[in-house]
Amino acid sequence: MKALHARYPFLAASRGAVEEADVDLVGLVHEDGPVVERAVERVTGALRNGSIGDAHPRTRVELLSYPVARVLVSLVDERICTRKYAHAEATRAISLFSAARNDTTELASARTERLSLSDLLTEFDLMAAIREDEEGYRVAVGTYLQLVSDLWGDEWRLVNRTLADGDVVIASEELYSLLEEAISQRVSDGLPLAVPEEIAAPLEDRVETVREVLADLDLTREIDTVVPERFPPCMQALLDSIQKGEHLGHHSRFAITAFLASIGMDTDEIIDLYMVNSSFGEEMTRYQTDHIRGETSPTEYSPPSCATMQSYGDCVNKDEICEDEINESHPLNYYEFQLEQADEDELVDVREDEEAATPD
């Protein structure tokens, strides 16, 4: 087992290394040691903040925790768990790959085995479909559509791309996004697995731990109250920007739209909020909102975690509630906490307020 295998456990070579080691998976899960512990960390970290956490210092533990994590995700057997886990694994892999490519020092080259871009393209049978040119890269249109199927944002729609001889032209930095999607699809491929009872039984407590984390996130899905003054500061800021007619980047639009959908607003109600914005386009806004809400896509998207909001610069005006460890992981946690702390007569749903103001 090589360090490269542990860093990129989705590779065919990594899977081969595990098979060659002839690991007794039944014995491993019965042992309930560092491998299982790290596997739980991978999955719960993905659910809580979109990260699988820091690698274990032992290569063997880190590599073997990957198949065990896939077993855990399979036993939980919830689509949102599978999606979040696959995305977190892909994000980590691309982060490592990007960092390694940017570190060109001789010391770095001598210290660790590298995964080249051609290695990664070959791994996913993309060598013939993706090629470099003077503008960045060209991607065969069929391959492009497959890789962007779960990417949200106007810029990924084919109608907004430059086409040249059956290829889609992308910028160099956009290649990483497409490779991340390829990895995510590889990680989720085949999930859920059929898990034998002798492996599932000793993992019951660990699976329950994952389910509890998932349940904590899903409790907020039952919210059907829209009280903007109780929104987390980040969402208040995004809503204010919309109402002031300011332009929002696609990550920001996704965040506020997914948040509003998660607290019970339907597509028409969300569109009404956007109508005051000069950049509003009803057809596009409806398409995006329906996609996020799962009406026209296989996935009902959750709003980004606090960590993701921070990474895109949308985490602003943090207050004392944000700093509380109970609420800091997700904007929905903040909002749910605010609703729980308020007196019932203080919670006036903005939709009901608007209906009362509308004459018959």
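Bear in mind the structure is a predicted one, so any value in this text is a computation, not a measurement.

Asks: Break down the overall build of the protein for me, with residues and values.
Replies: Looking only at helices and strands, one finds 20 helices and 4 strands in the protein. Looking at the protein residue by residue over its 360 residues, the buried ones come to 46%. Of all intrachain contacts in the protein linking residues separated by at least 6 positions in sequence, the fraction that spans at least 24 positions is 72%. A total accessible area of about 18300 Å² is found for the protein, and carbon and sulfur atoms account for 46% of it.

Asks: So, the packing of helix H15 (residues 267-274) against helix H16 (residues 282-292): which residues are in play, and what are the values?
Replies: Any two packed helices are characterised by how steeply their axes cross, that is the angle between the axes, and by the distance between the axes. Contact pair H15 / H16: the axes reach a minimum separation of 10 Å and the direction vectors enclose 135°. Classified by the angle their axes make, H15 and H16 are oblique. As for the relative orientation of H15 and H16, their crossing is right-handed in sense. Contact residues: H15 offers Thr267, Asp268, Ile270, Ile271 and Tyr274, while H16 offers Glu282, Thr285, Arg286, Thr289 and Asp290. A per-class count over the contact of H15 with H16 returns 3 nonpolar, 3 polar and 4 charged.

Asks: Give me the lowdown on the nonpolar core, citing residues and values where you can.
Replies: Ranked by size, the top nonpolar core spans 65 residues in total, and within it Phe10 and Leu178 carry the most contacts. Looking at this core, the element that brings in the most residues is helix H5 (residues 59-76), giving 10 residues. Not counting the four nearest positions on each side in its chain, Phe10 is found in contact with Arg15, Tyr66, Ala93, Leu120, Glu123, Phe124, Ile183, Arg186 and Val187. Counting 23 residues, the second-largest nonpolar core is a separate cluster that includes Phe231, Leu273, Met309 and Leu339.

Asks: Can you tell me about the layout of surface pockets, naming the residues and giving the values?
Replies: If you add up the space inside the largest pocket, you get close to 1400 Å³. As for the largest pocket, its lining consists of 42 residues, and the residues nearest its centre are Arg83, His87, Leu151, Glu180 and Glu181. Every element with two or more residues in the lining of the largest pocket is listed here: helix H4 (34-49), helix H6 (79-102), helix H10 (174-188), helix H14 (250-262) and helix H17 (306-311). Taken as a whole, the second largest pocket encloses approximately 500 Å³ of empty space. Looking at the lining of the second largest pocket, the elements with two or more residues in it are helix H2 (12-21), helix H3 (25-31), H5 and H10. No other element matches H5, which puts 6 residues into the lining of the second largest pocket. Looking at the lining of the second largest pocket residue by residue, the class counts come to 14 nonpolar, 1 polar and 6 charged.

The rules behind these values
Residues numbered from 1 in each chain as written. Predicted model: local features only at pLDDT ≥ 70, side-chain atom pairs only at ≥ 80, totals over all residues. Heavy atoms only, no water. Helix = DSSP H or I, 4+ residues; strand = E, 2+ residues; numbered from the N terminus. Buried < 20%, exposed > 50% of the residue type's maximum accessible area, 1.4 Å probe, protein only. Contact = heavy atoms within 4.5 Å. Areas by Shrake-Rupley, 256 points an atom, 1.4 Å probe, with all protein chains shown as cover. Axes fitted to C-alpha atoms, helices over the stretch in contact; angles between N-to-C directions. Parallel < 35°, antiparallel > 145°, perpendicular 65-115°, else oblique. Left-handed = near helix turned anticlockwise from the far one by under 90°. Nonpolar A, V, L, I, M, F, W, Y, C, P; charged D, E, K, R; others polar. Core = buried A, V, L, I, M, F, W, Y, C linked by side-chain atoms within 4.5 Å. 1 Å grid on protein atoms, 1.4 Å probe; cavity = no way out; pocket = protein on both sides within 12 Å on 5 of 7 lines; lining within 4 Å. Points joined across faces, edges and corners; volume = space filled by probe spheres on them.

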